[in-house]
Amino acid sequence: MRVVMFYHSLVSDWNHGNAHFLRGIATELLQLGAKVQVFEPERNWSTMNLLQQHGPEALERFYDAYPQLDSMTHRGMGPDIERALDKADLVLVHEWNDPELIAALGEHHRRHGGYRLFFHDTHHRMVTEPQNMARYDLSGYDGVLAYGAVLQRLYEARGQRAWTWHEAADTRVFRSFPSARPVGDLVWIGNWGDDERAAELQEFLIEPCRRLKLKATVYGVRYPESAVRALQAAGIQYKGWLPNFEAPKVFAGYRVTVHVPRRPYVRALPGIPTIRPFEALACGIPLVCSPWDDVEGLFSPGKDFLVARDGDEMTRQLEMVLSQPRLSAELSRHGVETICSRHTCGHRVNQLLEICSTTNGQPSGMKSSSAQKRSRARNKSFKSTYSPELAI
């Protein structure tokens, strides 16, 4: 089975959380025997920021962590589509692509067929910027993979076939490290978010850390000077960008983390937690969340994690987790069990293959397998640099 994927970037996760899930899905597909090819725009925004701020060694860290993964770059409207899609069985196109490329891929599918073509939406723009999303011509697609039921319903209301396909943890990477040396109380890994949660971060992260005098660390990018000053005033150390694949060992050195979702998800897209809580729970670190409505029943709030309704409750719950080892251990155990039983990239690949089977049969050469498979076979046949190019 040949799987072709068009995404913003595979190699860079600088302010690009979609890379986390993409890497996990691509790895699972490879483990099932698929041939996977990822295309990303040449000089894309995430990769160029990563290179400008951290140099080419940042990309080497990616290749060291994922020797089995690679991508090809394209210019302008996209690659030579005929070549890129030759003998493809399944094609995934992420929403962070140019509308021209998205339309061209749909037109190729309409003319040639022979493969499944899905649009993958992992953003709130369908709600917050509907006029922008209206530019995307999906008429040639088999359907939409939406990372929440609320998005699925919006696409269905527009006459598009759609499925809910939540993000999940890549448990080959995101796991616990029990022997790690403790270095602090609380860690938060997340980007600033264009002021979409500035007030929430102050209430649910910065102020509780200040009141409890926690030894805390924050990782992430695009923090304005005012935010860095606020962290420092609360005694929080700010360490900037962290490669996502290094997050598990960082989590292992702390006793608790928090999840503070961006405002558009809380208000307009209930049930979409984004990928961060999946990854934190997979690592076994106790988690306390600011309010979000798990309308799809992904988790068991109170067992997988605690939920704080306001800053005062967040302060109390952090203090409880830090002072009650049994509570901390139970949250850790239950969170890991939930992820491993329901929310791994293996589960999502199995679901993807089931979705394919509902669109005129399953792609050739592939069968759904156990989501609990833990083989770590690697394809070590290449070691590329960023990045081979497919000319137009």
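Going by the structure above, here's the rest.
Note that this is a predicted model, so its numbers are computed, not measured.

J.: Could you give an account of the overall build of the protein, naming the residues involved and the relevant values?
T.: Within the protein, the regular secondary structure consists of 16 helices and 13 strands. Against the globule reference of 21 Å for 392 residues, the protein gives a C-alpha radius of gyration of 21 Å, in line with a compact fold. Overall size of the protein, expressed as C-alpha extent along the three principal axes, is 60 × 45 × 40 Å. Counting across all 392 residues of the protein, residues that qualify as buried make up 59%. Taking all contacts inside the protein whose residues are at least 6 apart in sequence as the whole, residues at least 24 apart take part in 76%. Accessible surface, the protein: about 16,100 Å² in total, of which carbon and sulfur atoms supply 49%.

J.: Describe the pairing of strand β8 (residues 186-189), naming the residues involved and giving the relevant values.
T.: The two faces of β8 match: L186 and W188 on one face and V187 and I189 on the other face are all buried. Here 4 bridges tie β8 to strand β9 (residues 216-219), and the two strands are oriented parallel to one another. Looking at the pairing, I189 lines up with Y219 of β9. Running through helix α9 (residues 198-212), the crossover from β8 to the neighbouring parallel element β9 is right-handed.

J.: Which residues make up the layout of surface pockets, and what values do they have?
T.: Volume-wise, the largest pocket comes out at about 770 Å³. Around the largest pocket, the lining comprises 42 residues; the ones closest to its centre are N15, G17, N191, R262 and Y265. Those elements giving two or more residues to the lining of the largest pocket turn out to be α1 (18-31), β8, α11 (247-251), β11 (256-259) and α13 (276-282). Considering each element in turn, the lining of the largest pocket owes the most residues, 4 residues, to α13. Classifying every residue of the lining of the largest pocket by side-chain character gives 16 nonpolar, 15 polar and 11 charged. One number sums up the size of the second largest pocket: a volume of about 310 Å³. If you list the elements that add at least two residues to the lining of the second largest pocket, you get α14 (311-323) and α15 (325-342).

J.: Tell me about the packing of aromatic side chains, and please be specific about residues and values.
T.: Per the counting criterion, the structure on display carries 18 aromatic pairs. Centroid distance F118 to W163: 5.7 Å. Interplanar angle 85°. Geometry classified as edge-to-face. With F118 in strand β5 (residues 116-121) and W163 in strand β7 (residues 162-164), this pair connects stretches of sequence that are 45 residues apart. The exposure classification of F118 matches that of W163, with both residues buried. Through a chain of ring-to-ring contacts, three or more aromatic side chains come together here, namely F62, Y63, Y66 and F245.

Rules used in this analysis
Residues numbered from 1 in each chain as written. Predicted model: local features only at pLDDT ≥ 70, side-chain atom pairs only at ≥ 80, totals over all residues. Heavy atoms only, no water. Helix = DSSP H or I, 4+ residues; strand = E, 2+ residues; numbered from the N terminus. Rg over C-alpha atoms; globule rule 2.2 N^0.38 Å. Buried < 20%, exposed > 50% of the residue type's maximum accessible area, 1.4 Å probe, protein only. Contact = heavy atoms within 4.5 Å. Areas by Shrake-Rupley, 256 points an atom, 1.4 Å probe, with all protein chains shown as cover. Pairing = 2+ DSSP bridges. Right-handed = clockwise from strand over helix to strand, strands pointing away. 1 Å grid on protein atoms, 1.4 Å probe; cavity = no way out; pocket = protein on both sides within 12 Å on 5 of 7 lines; lining within 4 Å. Points joined across faces, edges and corners; volume = space filled by probe spheres on them. Nonpolar A, V, L, I, M, F, W, Y, C, P; charged D, E, K, R; others polar. Phe/Tyr/Trp six-rings, centres within 6.5 Å; stacked < 30°, edge-to-face > 60°.

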